[in-house]
Amino acid sequence: MYDQHIIYPGSVKNTADGWQLGARLPYYRGQILSAVEDIALTVDGVKVPRENVRFTVRGKTRTLDEVETTYDERWEFGEVAEVSVLQPGGLSAGAHTVTAAVQLRISYLPWSPVTTCTIDTTITA
């Protein structure tokens, strides 16, 4: 249901340390950060190493391992978080296919659902 809305439109861009995108929570209500088990990214079919991904919400940046143990912060419904990738030089100029797969731990489900969003984007020089 929320899969097409995870990657915020027009948010994929290069940064000084790599590249980033805006991400929205694929769930109908906010979640404590420790319920976010993973945010897996791929670009043009190549998986981004988990240790290179950073998650920023309300000005606080964490590794994905730190997100798993953050019990006092939430990612609210509709809130755009910044998901950044440490990658020297960022993405090359041109067309790219970017996929974000968010895995959440939902208390009443016996499995951890993964919601995936794929977009085509272009990085300008």
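Scope of this entry: the structure provided in the associated data block. Keep in mind the model is a prediction, meaning the values are calculated, not measured.

### What about unusual backbone geometry?
Trans peptide bonds make up the majority, and among non-glycine residues the majority have a negative phi. Although it is not a glycine, Asp 44 sits at a positive phi angle of roughly 50°. Looking at the element boundaries, Asp 44 is found in the loop between β4 (36-43) and β5 (46-47). If you check the backbone angles, Arg 58 has positive phi at about 50° while not being a glycine. Assignment of secondary structure puts Arg 58 in the loop between β6 (53-57) and β7 (60-63).

### A short note on the sheet that holds β6
One open sheet holds the five strands; their spatial order is β1-β2-β9-β6-β7, and the pairing between them is antiparallel. Unpaired on one side and paired on the other, β1 (13-14) and β7 mark the two borders of the sheet. Of the strand pairs in this sheet, β6 and β7 are connected by four bridges, and their pairing is antiparallel. Within the sheet, the bridge partner assigned to Val 57 lies in β7 and is Lys 60.

### With respect to the nonpolar core
Judged by nonpolar contacts, the single largest core of 31 residues is most densely connected at Trp 19, Leu 21, Ile 39, Leu 41, Phe 55, Trp 75 and Val 83. Listing elements by their share of this core, those giving two or more residues are β2 (18-24), β4, β6, α1 (64-68), β9 (80-86), β10 (94-104) and β11 (114-123). Discounting chain neighbours no more than four positions away, the residues touching Leu 21 are Ser 11, Val 12, Leu 41, Ala 81, Glu 82, Val 83 and Val 98.

### What to know about the pairing of β2
Burial runs high along β2: six of the seven residues are buried. Two strands pair when backbone bridges link them, and β1 and β2 are joined in this way by two bridges, in the antiparallel orientation. When the bridges of β2 are listed, Lys 13 appears paired with Gln 20. Connecting the antiparallel pair β1 and β2 is a turn made up of three residues. Sheet topology note: the β2/β9 ladder contains seven bridges and is antiparallel. By the bridge assignment for β9, Trp 19 is matched with Val 85.

The rules behind the values
- Residues numbered from 1 in each chain as written.
- Predicted model: local features only at pLDDT ≥ 70, side-chain atom pairs only at ≥ 80, totals over all residues.
- Heavy atoms only, no water.
- Helix = DSSP H or I, 4+ residues; strand = E, 2+ residues; numbered from the N terminus.
- Pairing = 2+ DSSP bridges.
- Core = buried A, V, L, I, M, F, W, Y, C linked by side-chain atoms within 4.5 Å.
- Buried < 20%, exposed > 50% of the residue type's maximum accessible area, 1.4 Å probe, protein only.
- Contact = heavy atoms within 4.5 Å.

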